[in-house]
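Spelled out from the first residue to the last, the chains are:
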Amino acid sequence: MKNGILSTEPQKTTLLIRFMVGFYFLAGGVLKLSYPELQETGFFQNLGFISAGAMVSVISFLEIVCGLMIMAGLFTRIAVIPLLLTISFTVMIGKFPILFEEGFWLMAHISRIDFAMFLGCIFLFITGSGYWSLDWKMLNSGV
């Protein structure tokens, strides 16, 4: 099981995808916690969440932790799973209604970064964290 989670392709260029995806989520989580006006608690309140502020804090913390794990290449396959769920939820609830109200092209334009991060997460889930990662070091050191 450990080898399945830590296994990774020995590609050095995976570092670029890891930093792109990891930094995106790290920055998003930090911004949501640092600037309360960005927390969009009204979004969660409209969905019926009682404690929308707490929900935003949990998601922000998750984005920060998972973003750092991805950047370090630590349990990357596990770290991308909650981020895939977060992006899927964001697109379905926040961006998909635009498709029916404004059309495909506006929705595609507004959700292009979400789509890129979704594909980046899928890539990391399939290939692993690459050569320059803690996963690679743990797998090849016998830890």
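Everything below is about the structure shown above.
Presented here is a report on the structure given in the accompanying data block. (Residues numbered from 1 in each chain as written. Predicted model: local features only at pLDDT ≥ 70, side-chain atom pairs only at ≥ 80, totals over all residues. Heavy atoms only, no water.)

1. Examining the pattern of salt bridges
And then number 1: Evaluated as defined, the whole model comprises two salt bridges.
And then number 2: Residue K32 is joined to E63 by a salt bridge in which the shortest nitrogen-to-oxygen separation is 2.7 Å. Placement of the pair is K32 in helix 2 (residues 14-34) and E63 in helix 4 (residues 52-72), with a sequence separation of 31 residues.
And then number 3: K32 gets classed as partly exposed once you look at its relative accessible area, which sits at 22%.
And then number 4: For E63, a relative accessible area of 6% translates into the label buried. (Salt bridge = Lys/Arg side-chain N within 4 Å of Asp/Glu carboxyl O. Helix = DSSP H or I, 4+ residues; strand = E, 2+ residues; numbered from the N terminus. Buried < 20%, exposed > 50% of the residue type's maximum accessible area, 1.4 Å probe, protein only.)

2. Concerning the packing of helix 2 against helix 7 (residues 112-127)
And then number 1: Between helix 2 and helix 7, whose axes approach to 10 Å, the crossing angle comes to 130 degrees. The orientation of helix 2 relative to helix 7 falls into the category oblique. Of the two elements, helix 2 crosses helix 7, and the hand of that crossing is left-handed. Each of T14, I17, R18, M20, V21, Y24 and F25 in helix 2 lies in contact with helix 7, whose residues at this interface are I113, D114, M117, G120, C121, F123, L124 and T127. (Axes fitted to C-alpha atoms, helices over the stretch in contact; angles between N-to-C directions. Parallel < 35°, antiparallel > 145°, perpendicular 65-115°, else oblique. Left-handed = near helix turned anticlockwise from the far one by under 90°. Contact = heavy atoms within 4.5 Å.)

3. With respect to the state of the cysteines
And then number 1: A complete count under the given rule lists zero disulfides for this structure.
And then number 2: Here C66 is not disulfide-linked; the sulfur of C121 is the nearest cysteine sulfur, at 9.2 Å.
And then number 3: On the accessibility criterion, C121 (0% relative accessible area) is buried. (Disulfide = S-S within 2.5 Å.)

4. Describing the packing of aromatic side chains
Two aromatic rings are characterised by how far apart their centres lie and by the angle between their planes.
And then number 1: In this structure the tally under the stated criterion is five aromatic pairs.
And then number 2: Measuring from centroid to centroid gives 5.1 Å for Y24 and F25, while their planes differ by 85 degrees, and the two rings are edge-to-face.
And then number 3: Classification of Y24 as partly exposed rests on a relative accessible area of 31%.
And then number 4: Feature note: the residues Y131, W132 and W136 constitute an aromatic cluster, connected by ring pairs.
And then number 5: Over the ring of Y131 we find K12; its NZ or CZ atom is 5.1 Å from the centre of that ring. (Phe/Tyr/Trp six-rings, centres within 6.5 Å; stacked < 30°, edge-to-face > 60°. Lys NZ or Arg CZ within 6 Å of the ring centre and 35° of its normal.)

Coordinates in, geometry out; function isn't part of it.
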